[in-house]
Structure formats: C-alpha cells, structure tokens
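Structural overview for review
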Amino acid sequence: MAKRYVLVCRGPTCKAQGSLEVREYLRKLVSESGRCDVLVLPYTCFDLCGRGPNAVVYPEGVWYEALRVEDVPDLARHALGGPPAGHLLAEVDADHAKQCYAIFEEAIPELEAQAEREAKKRPVDGLFGLRSLFGKRT
Ligand code: FES
C-alpha cells in the first residue's frame with residue numbers, strides 16, 4: 001500500500017471540466033519522480049462537482065478544487081512532499097471530509113489494485129514508469 005494517495009474525481013461533471021487530463025498529467029509527474037510511495041487514483045465523485053475537478057491528498061486530508069492542467073505541477077509538488085499549493089486549496093466541510101475518509105479506507109485497496117492493472121496495460125513512461133510498475137511500494 002502506498003503511503004500517500006492523491007484521489008482525483010472522475011464523475012461526468014468534473015470529467016467534462018478536465019479531471020481526466022488533470023489526473024493523467026499528475027500520474028505522469030509522480031511516475032517521473034520515481035517515488036513509489038505516492039499513488040494517483042481515480043475516484044468516482046466527492047460530491048463536490050460544482051467546484052471541480054477536485055482532488056484530495058490522503059491521508060493528509062488536503063483538498064483541492066477547480067483544478068486545471070496548468071495547476072498540476074503545484075499539486076504534484078505537494079503530493080511528493082512539498083508544501084500544499086495554497087492558491088488551489090478547497091474548504092471542505094469537516095463532516096463531509098470524514099465521511100469521505102471512511103469510504104476511502106474501504107475503497108483504496110480495490111482502487112489501488114485497479115490502478116496497478118491499468119498501469120500494466122499502459123505504455124511505460126520511460127525508466128521511471130518502469131520503476132513505478134515494478135518498484136517495491138513502502
Ligand atoms: S465528479 Fe468531481 S466531485 Fe463529483
């Protein structure tokens with residue numbers, strides 16, 4: 001299991017606003033970093049579609065909203081251990097976030113297995129992609 005996840009929503013509303021492109025670019029940057037303890041995962045919907053595309057760095061619990069492809073390097077820096085990208089942060093109701101975290105705990109193992117299956121089908125992004133495919137997760 002990765003130590004840190006970035007879940008990016010993929011519901012129809014956020015998808016129409018570019019969530020797939022955000023997630024794929026983020027996945028590429030994380031992969032190129034060579035870090036195997038950070039995993040980018042698609043997530044159905046955080047029920048925050050009006051403010052999307054959204055992402056959450058978990059288990060840290062830092063939420064992002066209205067993400068655009070050009071925001072991804074800042075999000076990646078945070079995901080890889082840098083400071084949160086303050087200009088992109090979302091305020092999420094604490095109870096709503098808590099409910100999401102409970103769902104994540106149950107969903108992450110399957111999402112992680114699904115991401116691994118998809119990664120095996122994807123053309124490898126160079127050497128770092130190979131490492132993310134075969135590297136040991138800590
Ligand atoms: S699809 Fe993005 S929050 Fe619903």
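Quick notes on the rules
- Residues numbered from 1 in each chain as written.
- Predicted model: local features only at pLDDT ≥ 70, side-chain atom pairs only at ≥ 80, totals over all residues.
- Helix = DSSP H or I, 4+ residues; strand = E, 2+ residues; numbered from the N terminus.
- Buried ≥ 20, exposed ≤ 12 C-beta atoms within 10 Å, placed from the backbone.
- Contact = placed C-beta atoms within 7 Å.

Focus on the overall build of the protein chain
Scanning the protein chain from terminus to terminus reveals five helices and four strands. Sequence-ordered secondary structure for the protein chain, helices as α and strands as β, is β-α-α-β-β-β-α-α-α. The buried share of the protein chain, reckoned over its 138 residues, is 30%. Taking as baseline every contact in the protein chain between residues at least 6 positions apart, the subset at least 24 positions apart corresponds to 71%.

Regarding unusual backbone geometry
Backbone torsion omega between Gly 52 and Pro 53 reads -5°, so that peptide bond is classified as cis. Examined against the element boundaries, Pro 53 turns out to sit in the loop between β2 (38–43) and β3 (55–58). Following Tyr 58, the chain continues to Pro 59 via a peptide bond in cis, the omega torsion being 15°. Relative to the elements of secondary structure, Pro 59 occurs in the loop between β3 and β4 (62–64). Residues other than glycine seldom take positive phi values, yet Ala 66 does so here, at roughly 50°.

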